[in-house]
Amino acid sequence: MFVFLLNASHLQITEEGASHSNTEDASAVTRCCCIYELNVQADGTDGSCVTFVLHDEDHTLGNSLRYMIMKDPDVEFCGYSITHPSESKINFRIQTRGGFPAIEPFQRGLEELVSVCQHVLSKFEASVEEYKAQRDTHME
(Lines give C-alpha, C1' and ligand atoms only; values in the text may rest on other atoms or scores of the structure.)
Protein backbone atom coordinates (compact mmCIF):
# COMPACT_ATOMS: atom_id res chain seq x y z
CA MET A 1 0.00 0.00 0.00
CA PHE A 2 1.37 3.41 -1.00
CA VAL A 3 0.24 6.78 0.29
CA PHE A 4 1.13 9.73 -1.95
CA LEU A 5 1.11 13.10 -0.18
CA LEU A 6 1.03 15.95 -2.68
CA ASN A 7 1.41 19.68 -2.35
CA ALA A 8 2.65 22.49 -4.56
CA SER A 9 6.33 21.55 -4.55
CA HIS A 10 6.64 18.16 -2.93
CA LEU A 11 5.66 14.54 -3.42
CA GLN A 12 6.17 12.18 -0.52
CA ILE A 13 5.65 8.43 -0.90
CA THR A 14 5.03 6.26 2.11
CA GLU A 15 5.06 2.48 1.71
CA GLU A 16 4.21 0.18 4.62
CA GLY A 17 5.52 2.55 7.26
CA ALA A 18 8.72 3.54 5.40
CA SER A 19 9.09 7.08 4.16
CA HIS A 20 10.81 8.34 1.02
CA SER A 21 10.83 11.86 -0.30
CA ASN A 22 11.78 13.22 -3.71
CA THR A 23 13.17 16.42 -2.17
CA GLU A 24 16.70 16.50 -0.88
CA ASP A 25 15.87 18.92 1.95
CA ALA A 26 14.36 16.83 4.75
CA SER A 27 13.05 19.94 6.49
CA ALA A 28 10.81 20.59 3.46
CA VAL A 29 8.62 17.72 4.63
CA THR A 30 7.86 19.52 7.87
CA ARG A 31 7.45 22.96 6.24
CA CYS A 32 4.98 21.98 3.56
CA CYS A 33 1.36 21.34 4.27
CA CYS A 34 -0.35 18.47 2.51
CA ILE A 35 -3.12 19.56 0.18
CA TYR A 36 -3.99 16.12 -1.15
CA GLU A 37 -3.61 12.54 -0.01
CA LEU A 38 -3.96 9.67 -2.45
CA ASN A 39 -4.28 6.12 -1.11
CA VAL A 40 -2.95 3.60 -3.63
CA GLN A 41 -2.53 -0.17 -3.70
CA ALA A 42 -0.20 -1.64 -6.32
CA ASP A 43 -0.27 -5.15 -7.74
CA GLY A 44 1.63 -6.74 -10.62
CA THR A 45 3.75 -9.74 -11.51
CA ASP A 46 6.72 -7.57 -12.44
CA GLY A 47 7.53 -3.91 -11.95
CA SER A 48 6.88 -2.91 -15.55
CA CYS A 49 3.20 -3.89 -15.61
CA VAL A 50 1.33 -2.74 -12.52
CA THR A 51 -2.29 -2.11 -11.57
CA PHE A 52 -2.71 0.68 -9.05
CA VAL A 53 -5.97 0.86 -7.10
CA LEU A 54 -6.81 4.48 -6.30
CA HIS A 55 -9.29 4.69 -3.45
CA ASP A 56 -11.88 7.47 -3.13
CA GLU A 57 -11.27 8.71 -6.69
CA ASP A 58 -13.27 8.99 -9.92
CA HIS A 59 -12.92 10.06 -13.57
CA THR A 60 -11.68 13.53 -12.59
CA LEU A 61 -8.31 12.22 -11.45
CA GLY A 62 -8.32 9.09 -13.61
CA ASN A 63 -8.59 10.77 -17.00
CA SER A 64 -6.25 13.66 -16.12
CA LEU A 65 -3.59 11.32 -14.76
CA ARG A 66 -3.93 8.95 -17.71
CA TYR A 67 -3.33 11.86 -20.09
CA MET A 68 -0.21 12.99 -18.20
CA ILE A 69 1.25 9.47 -18.04
CA MET A 70 0.59 8.68 -21.72
CA LYS A 71 2.90 11.57 -22.69
CA ASP A 72 5.82 9.53 -21.31
CA PRO A 73 7.62 7.72 -24.18
CA ASP A 74 8.52 4.79 -21.86
CA VAL A 75 4.83 4.00 -21.30
CA GLU A 76 3.38 1.40 -23.65
CA PHE A 77 -0.12 1.28 -22.14
CA CYS A 78 -1.98 3.34 -19.58
CA GLY A 79 -5.66 3.04 -18.82
CA TYR A 80 -8.12 3.02 -15.99
CA SER A 81 -11.53 1.67 -15.15
CA ILE A 82 -14.07 2.41 -12.47
CA THR A 83 -14.93 -0.90 -10.86
CA HIS A 84 -18.60 -0.05 -10.23
CA PRO A 85 -20.58 3.22 -10.17
CA SER A 86 -21.36 2.76 -6.48
CA GLU A 87 -17.67 2.29 -5.59
CA SER A 88 -15.28 5.22 -5.48
CA LYS A 89 -12.11 3.49 -6.61
CA ILE A 90 -10.18 3.24 -9.84
CA ASN A 91 -8.12 0.38 -11.27
CA PHE A 92 -5.27 2.22 -12.98
CA ARG A 93 -3.01 0.09 -15.19
CA ILE A 94 0.44 1.09 -16.45
CA GLN A 95 2.65 -1.01 -18.71
CA THR A 96 6.10 0.24 -19.65
CA ARG A 97 8.62 -0.69 -22.33
CA GLY A 98 11.88 -2.51 -21.64
CA GLY A 99 11.28 -3.44 -18.01
CA PHE A 100 11.13 0.20 -16.91
CA PRO A 101 9.44 0.36 -13.43
CA ALA A 102 5.79 1.48 -13.72
CA ILE A 103 5.92 3.39 -10.44
CA GLU A 104 8.21 6.02 -11.99
CA PRO A 105 5.83 7.26 -14.71
CA PHE A 106 3.01 7.08 -12.15
CA GLN A 107 4.95 9.33 -9.79
CA ARG A 108 6.02 11.71 -12.58
CA GLY A 109 2.43 11.89 -13.82
CA LEU A 110 1.22 12.89 -10.36
CA GLU A 111 3.96 15.51 -10.05
CA GLU A 112 3.20 16.97 -13.50
CA LEU A 113 -0.52 17.03 -12.76
CA VAL A 114 0.10 18.93 -9.50
CA SER A 115 2.33 21.35 -11.41
CA VAL A 116 -0.34 21.99 -14.06
CA CYS A 117 -3.02 22.50 -11.40
CA GLN A 118 -0.79 24.95 -9.51
CA HIS A 119 -0.14 26.89 -12.72
CA VAL A 120 -3.86 27.13 -13.49
CA LEU A 121 -4.60 28.17 -9.91
CA SER A 122 -1.93 30.89 -9.92
CA LYS A 123 -3.19 32.28 -13.26
CA PHE A 124 -6.76 32.26 -11.95
CA GLU A 125 -5.80 34.04 -8.72
CA ALA A 126 -3.79 36.64 -10.67
CA SER A 127 -6.77 37.27 -12.96
CA VAL A 128 -9.11 37.68 -10.00
CA GLU A 129 -6.75 40.21 -8.41
CA GLU A 130 -6.44 42.08 -11.72
CA TYR A 131 -10.23 42.17 -12.07
CA LYS A 132 -10.66 43.46 -8.49
CA ALA A 133 -8.06 46.18 -9.10
CA GLN A 134 -9.76 47.28 -12.34
CA ARG A 135 -13.17 47.24 -10.68
CA ASP A 136 -11.93 49.33 -7.75
CA THR A 137 -10.29 51.82 -10.14
CA HIS A 138 -13.45 51.99 -12.24
CA MET A 139 -15.66 52.70 -9.19
CA GLU A 140 -13.56 55.67 -8.06
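Conventions we followed
- Residues numbered from 1 in each chain as written.
- Predicted model: local features only at pLDDT ≥ 70, side-chain atom pairs only at ≥ 80, totals over all residues.
- Heavy atoms only, no water.
- Helix = DSSP H or I, 4+ residues; strand = E, 2+ residues; numbered from the N terminus.
- Buried < 20%, exposed > 50% of the residue type's maximum accessible area, 1.4 Å probe, protein only.
- Contact = heavy atoms within 4.5 Å.
- Pairing = 2+ DSSP bridges.

### Notes on unusual backbone geometry
- Positive phi, normally seen in glycine, also occurs at Asp-56, with a value near 60 degrees.
- For Asp-56, the position within the fold is in the loop between β5 (49–55) and α2 (59–70).
- The exposure class of Asp-56 is exposed, given its relative accessible area of 58%.

### Regarding the environment of Gln-95
- Residue placement: Gln-95 occurs in strand β7 (residues 89–96).
- Overall, Gln-95 belongs to the partly exposed group, its relative accessible area being 30%.
- Linking Gln-95 and Asp-46, residues 49 residues apart in sequence, is a C-alpha distance of 9.9 Å.
- Not counting residues up to four positions away in its chain, the partners in contact with Gln-95 are Ser-48, Cys-49, Val-75, Glu-76 and Phe-77.

### Quick notes on the environment of Met-68
- Here Met-68 lies in helix α2.
- Taking relative accessible area as the criterion, Met-68 reaches 7% and is therefore assigned buried.
- Put simply, Met-68 and Cys-78 are 10 residues apart on the chain and 9.9 Å apart in space, counted from C-alpha to C-alpha.

### Quick word on the pairing of strand β6 (residues 75–82)
- Pairing analysis gives 7 bridges linking β6 to β7, with the strands arranged antiparallel. Its bridge partner lying in β7, Ser-81 is registered against Asn-91.
- Joining the antiparallel neighbours β6 and β7 is a turn of 6 residues.

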